[in-house]
Amino acid sequence: MRWLASVVLLLAMPAWAEVTRTALPGPDRFTLEATLPVSRPALLPMLEQPCQVRQWMPHLRDIRILHRLGPDQTLVYMARDGSWPVSNRDAITLFRRQAGEPLVLTMEGQPDVLPARPGYVRMPYIKGSWTLYDQGNRTRVVYRQRLDPGGNLPQWLADSVAGNHIDETLEALEHYVRDPHPDACAVDRSADDGAGQPLW
């Protein structure tokens, strides 16, 4: 029966591919593909709703919607804990949803939208995408990322650890899709909904 347990464990694991790295001028591009055991309609809110992202993204300290520019464009603030000796980082990113098959969520940094937050290094360059292929009750995901972490962290060093960070993030997402908690989410409001409170 031990072989049966091994087969069940294998089937429960995502179809990970290795993170591939493409050398480019500036930040390198990293790509990771996986098939997740969740339908695309169910996966989308896990990627787009801050209240769900908070439940699975590693090292996340803060995430909030700054402004909804339209039905398919959202400006998002995100802050993450740095691991010593790296400082905490934050980013302002414009997310766009491109409907179709596959469905694509693109990410592009907008570092100058807000002034710097005390205690954080603003990442000056982010570019990436989630490409989602509908496979019924499963979704084929292709994640791509390029980023400059800013501050005094050399780009070569950032690129040398980026693959591990991406793998950790996708693995955390895979665990969450198997046991999501969307009912624990409050409704995410934009920061510009009229509350008039400073962000920091």
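Residues numbered from 1 in each chain as written. Predicted model: local features only at pLDDT ≥ 70, side-chain atom pairs only at ≥ 80, totals over all residues. Heavy atoms only, no water.

Next up on the list: the side chain of R89. Tracing the chain through its elements places R89 in strand β5 (residues 89–98). One buried charged residue, R89, forms no salt bridge at all, with the nearest opposite charge on D148 at 7.0 Å. A distance of 2.6 Å separates a polar atom in the side chain of R89 from the backbone oxygen of G150. If sequence neighbours within four positions are ignored, R89 has contacts with M78, A79, R80, Y120, V121, M123, P149, G150, G151, N152 and L153. (Helix = DSSP H or I, 4+ residues; strand = E, 2+ residues; numbered from the N terminus. Buried < 20%, exposed > 50% of the residue type's maximum accessible area, 1.4 Å probe, protein only. Lys, Arg positive; Asp, Glu negative; His and termini not counted. Salt bridge = Lys/Arg side-chain N within 4 Å of Asp/Glu carboxyl O. Polar contact = N/O pair within 3.5 Å; in protein donor to acceptor, adjacent residues only side chain to side chain. Contact = heavy atoms within 4.5 Å.)

Let us look at the packing of helix α2 (residues 40–48) against helix α4 (residues 155–178). Closest axis-to-axis distance for the α2/α4 pair is 11 Å, and the angle between their directions is 125 degrees. Classified by the angle between their axes, α2 and α4 sit oblique to one another. You can see that α2 and α4 cross each other, and the crossing is right-handed. Across from L43, M46 and L47 in α2, the residues of α4 making contact are L173, Y176 and V177. (Axes fitted to C-alpha atoms, helices over the stretch in contact; angles between N-to-C directions. Parallel < 35°, antiparallel > 145°, perpendicular 65-115°, else oblique. Left-handed = near helix turned anticlockwise from the far one by under 90°.)

Let us look at α2. All of the buried residues along α2 are R40, L43, L44, M46 and L47. For α2, the arc enclosing every buried residue in end-on projection is 165 degrees, short of the 170-degree limit, so these residues lie on one face. (Arc of directions from axis to C-beta.)

With that settled, the discussion passes to the packing of aromatic side chains. Ring pairs (aromatic) are described by centroid distance and by the angle formed between their planes. Going through the model one piece at a time under the given rule, you end up with one aromatic pair. Taking 4.6 Å as the distance between ring centres and 55 degrees as the angle between the ring planes, the aromatic pair formed by W130 and Y143 counts as tilted. Linking W130 in strand β8 (residues 125–135) with Y143 in strand β9 (residues 138–148), this pair joins segments that are 13 residues apart in sequence. Classification of W130 by relative accessible area gives buried; the value is 6%. Judged by its relative accessible area of 10%, Y143 falls in the buried class. (Phe/Tyr/Trp six-rings, centres within 6.5 Å; stacked < 30°, edge-to-face > 60°.)

One recurring pattern in soluble globular proteins: nonpolar side chains tend to sit buried together. Core analysis: the largest hydrophobic core is formed by 29 residues, its most contacted members being L43, L47, W56, W130, L132, L170 and L173. Residue contributions to this core peak at seven residues, all from α4. Leave out the neighbours within four places in its chain, and L173 touches L36, L43, L47, W56 and W130. In terms of nonpolar packing, the next biggest core, distinct from the first, is built from seven residues, L75, I92, L94 and Y120 among them. (Core = buried A, V, L, I, M, F, W, Y, C linked by side-chain atoms within 4.5 Å.)

Extensive coverage of strand β2 (residues 29–36) is indicated by the burial of six of its eight residues. Where strand β1 (residues 20–22) lies against β2, three bridges are found, and the strand directions are antiparallel. For R21, the partnering residue across the bridge sits in β2 and is F30. In textbook terms, the turn of a hairpin is the stretch between consecutive antiparallel strands, and for β1 and β2 this stretch comprises six residues, one of which, G26, has a positive phi near 80 degrees. (Pairing = 2+ DSSP bridges.)

Our focus in this paragraph is the pattern of salt bridges. Throughout the structure, instances matching the rule amount to 10 salt bridges. Salt-bridge contacts for E101 lead to R40; the nearest nitrogen and oxygen are separated by 2.9 Å. With E101 in the loop between β5 and β6 (103–109) and R40 in helix α2, this pair connects stretches of sequence that are 61 residues apart. Of the residues examined, R40 reaches a relative accessible area of 12% and is grouped as buried. A salt bridge links R96 to E108; the shortest N-O distance between them is 3.7 Å. Linking R96 in strand β5 with E108 in strand β6, this pair joins segments that are 12 residues apart in sequence. By relative accessible area, which is 32% here, R96 ends up partly exposed. Residue classification places E108 among the partly exposed positions, given a relative accessible area of 32%. Members of the salt-bridge network, linked through shared partners, are D62, R64 and R117.

Of the residues in the chain, 82% have a pLDDT of 70 or more, and the chain-wide mean is 84. Below pLDDT 50 for its whole length, residues 1–13 participates in three contacts with residues either more than four positions away or in separate chains. (pLDDT = per-residue confidence, 0-100.)

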